[in-house]
Amino acid sequence: MREYIGANLTVIRKYLKKRKKFTSKLNSDSIMEEFREWSKDSLPETESVWTLPDLTRDERLKNFCRSIKKEIR
């Protein structure tokens, strides 16, 4: 998973660069500042990476709940 982080940040930067053109100066500055804070906080090599499963389909949700032994109503 870690190998995708750099590539994903590059894609996000490209999108934000395009998006800045269509937002107000105040919103654009706010978005970019938030991204800078978030992207600077990269994961140390010793820290494990956790991802969340895609739970948009009922069978995946049921399987996930069964695996963590919790029922969601």
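For the chain, the name recorded in an unreviewed UniProt entry is Putative Influenza RNA-dependent RNA polymerase, with Prochlorococcus marinus str. MIT 9401 as its organism.

Enquirer: Quick rundown of the environment of arginine 13? Include the residues and the values.
Expert: If you trace the backbone, arginine 13 turns up in helix α1 (residues 2-20). When its relative accessible area of 42% is taken as the criterion, arginine 13 is described as partly exposed. When the C-alpha atoms of arginine 13 and arginine 36 are compared, they prove to be 9.9 Å apart, with 23 residues separating the residues in sequence.

Enquirer: I'd like a rundown of a positive patch on the surface, residues and numbers included.
Expert: Residues Lys14, Lys17, Lys18, Lys20 and Lys21 make up a contiguous surface patch of positive charge. Among the structural elements, lysine 17 can be located in helix α1.

Enquirer: How would you explain the side chain of serine 28 if you had to name every residue and give the values?
Expert: Turning to its location among the elements, serine 28 is positioned in helix α2 (residues 25-40). Ignoring sequence-local partners within four residues, the contact set of serine 28 consists of Lys20 and Thr23.

Enquirer: Account for the pattern of salt bridges, naming residues and giving values.
Expert: Close approach of charged atoms allows side chains of opposite charge to pair. Taken as a whole and judged by the stated rule, the model has three salt bridges. Across the salt bridge formed by aspartate 29 and lysine 25, the nearest N and O atoms sit 3.2 Å from each other. Of this pair, aspartate 29 and lysine 25 are both found in helix α2, four residues apart, which corresponds to roughly one turn of the helix. Exposure remark for lysine 25: the relative accessible area of 62% places this residue in the exposed category.

Reading the values: rules and limits
- Residues numbered from 1 in each chain as written.
- Predicted model: local features only at pLDDT ≥ 70, side-chain atom pairs only at ≥ 80, totals over all residues.
- Heavy atoms only, no water.
- Helix = DSSP H or I, 4+ residues; strand = E, 2+ residues; numbered from the N terminus.
- Buried < 20%, exposed > 50% of the residue type's maximum accessible area, 1.4 Å probe, protein only.
- Patch = residues over 30% accessible without salt bridge, like charges linked within 9 Å, V, L, I, M, F, W, Y side chains within 5 Å.
- Areas by Shrake-Rupley, 256 points an atom, 1.4 Å probe, with all protein chains shown as cover.
- Salt bridge = Lys/Arg side-chain N within 4 Å of Asp/Glu carboxyl O.
- Lys, Arg positive; Asp, Glu negative; His and termini not counted.
- Charge placed at Lys NZ, Arg CZ, Asp CG, Glu CD.
- Contact = heavy atoms within 4.5 Å.

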